[in-house]
Amino acid sequence: MSTYWRKRRLWMKFTKALTIFISVFIFYIIFTGLVNTLTIFIGFVIALIMTIIVEYLDVFDISLSLRNLKHTIYIVKFVVFFIKTEIVEHLKISKIILSRKISINPAIIEIPTILRSDTALTIVALTITDTPGTVAVDIDKEKGLFYIHWLNQEVFEPKEIKRRVLGDLEVLVKNMVE
């Protein structure tokens, strides 16, 4: 291998590590919501550890391709969808908690899914569970069904239930992972 290609490969590895380090550091600072000496130091250490782990395990193959760009776009859409859904559902649960008359209709519902990979099913189940008011109780991979506990079942039509609970989540995860 020529010297040029060795230098180029080393530069690509360095920029990948630097990108991971900066991304983790910025996310840590944003999510702590506090900028002081301690959070900067802890953020630096966490970013350094994560960068070493990712580089050592060679977790990500960052290469410019149309497929990677497509996945990145769906990841960003997923994060935006998740944050929006979290805010809306937290407000709904807060309204239930703060109201004088609590009227809920808890139910275990069955939702069919088009997802087949374990990764996609797990991401959807964890997202559902993380959203206030819903908990993924079981996944039947053979039948393609999610069993979900819904704190306040408002609709009873299967298509409307799927739209209310999953929304665009299933399609986003399918395009992001499968």
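What counts, and at which threshold
Along each chain, numbering runs from 1 in the same order as the chain's sequence is written. Only residues with pLDDT of 70 or above have their local features reported here, since the model is predicted, and side-chain atom pairs are shown and tallied only from 80 upward, although totals for entire chains, interfaces and linings are computed over all residues. Side-chain metrics rest on all non-hydrogen atoms present in the structure, leaving aside hydrogens and water. UniProt positions are given in the numbering used here, feature names are shortened, and annotations may be inferred rather than shown by experiment. Secondary structure elements follow DSSP: runs of H or I of four or more residues count as helices, runs of E of two or more count as strands, with numbering from the N terminus. Stacked, tilted and edge-to-face are the three classes applied to pairs of Phe, Tyr and Trp rings, where Trp contributes its six-membered ring and a pair requires centres within 6.5 Å; stacked means planes under 30 degrees apart, edge-to-face means over 60, and tilted covers the rest. Per-residue accessibility, obtained with a 1.4 Å probe over protein chains only, is compared with the maximum for each type, and a residue is labelled buried under 20%, exposed over 50%, and partly exposed between these values. In the sections that follow, a salt bridge refers to a side-chain nitrogen of Lys or Arg positioned within 4 Å of a carboxyl oxygen of Asp or Glu. Helix span, expected: 1.5 Å multiplied by one less than the number of residues in the helix. What the arc describes is the spread of directions from the helix axis to the C-beta atoms. At least two DSSP bridges between two strands are needed for those strands to be called paired. For helices, the fitted axis covers only the stretch in contact; all axes are lines through C-alpha atoms, and the angles between them, taken along N-to-C directions, range from 0 to 180 degrees. Contacts are residue-level and defined by heavy atoms, with any inter-residue pair within 4.5 Å sufficient.

- As named in an unreviewed UniProt entry, the protein is Cation:proton antiporter, taken from Ignisphaera aggregans.
- Recorded in UniProt for the protein, the comment headed Subcellular location (unreviewed entry) runs: "Cell membrane".

### Comments concerning the UniProt feature "transmembrane region" (unreviewed entry) in the protein
- UniProt tags residues 20–53 as "transmembrane region" (unreviewed entry).
- Between the first and last C-alpha atoms of residues 20–53 the distance is 11 Å; the span itself is 88% helix and 0% strand.

### Here's the deal with the packing of aromatic side chains
- Counted under the stated rule, the structure contains 6 aromatic pairs.
- Plain terms: the ring middles of Phe21 and Phe25 are 6.3 Å apart, the flat faces sit at 5° to each other, and that makes the pair stacked. Taken as a pair, Phe21 and Phe25 lie in helix α1 (residues 3–32) at a separation of 4 residues, close to a single helical turn.
- Classification of Phe21 as buried rests on a relative accessible area of 18%.
- When the centroid spacing of 6.2 Å and the interplanar angle of 15° are considered together, the rings of Phe78 and Phe82 count as stacked. Of this pair, Phe78 and Phe82 are both found in helix α3 (residues 66–98), 4 residues apart, which corresponds to roughly one turn of the helix.
- By relative accessible area, which is 14% here, Phe78 ends up buried.
- Look at Phe82 and you get partly exposed, because its relative accessible area is 22%.
- Through a chain of ring-to-ring contacts, three or more aromatic side chains come together here, namely Phe21, Phe25 and Phe44.

### Quick notes on the pattern of salt bridges
- Applying the stated rule across the entire model yields 6 salt bridges.
- Between Glu154 and Arg164 there is a salt bridge whose closest N-O contact spans 2.6 Å. Taken together, the residues Glu154 in the loop between β3 (145–150) and α5 (158–165) and Arg164 in helix α5 connect sequence positions 10 residues apart.
- By relative accessible area, which is 42% here, Glu154 ends up partly exposed.
- Each of Glu154, Glu160, Arg163 and Arg164 takes part in a single network of salt bridges with overlapping partners.

### Quick look at helix α4 (residues 118–130)
- Spanning 13 residues, α4 covers 18 Å between terminal C-alpha atoms, matching the ideal 18 Å at 1.5 Å per step.
- Among all positions of α4, only Ala120, Leu121, Val124, Ala125, Thr127 and Ile128 are buried. Down the axis of α4, the sector holding all buried residues measures 165°, keeping them to one side. In this structure, α4 carries Asp118 and Leu126 as exposed residues pointing more than 90 degrees from its buried face.

### Looking at the pairing of β3
- In the sheet, strand β1 (residues 107–112) pairs with β3 via 6 bridges, with the strands oriented antiparallel. The residue bridging Ala107 from the neighbouring strand is Trp150, located in β3.

### Topic: the sheet that holds β3
- Taken in spatial order, the 3 strands of this open sheet run β1-β3-β2, and their pairing is antiparallel. In this open sheet, the two edge strands, each paired with only one partner strand, are β1 and β2 (134–140). Neighbouring strand axes in the sheet, compared pairwise and without regard to direction, differ in orientation by 25° on average.
- Sheet contacts for α5: β1, β2 and β3; angle to β1, the most-contacted strand, approximately 95°.

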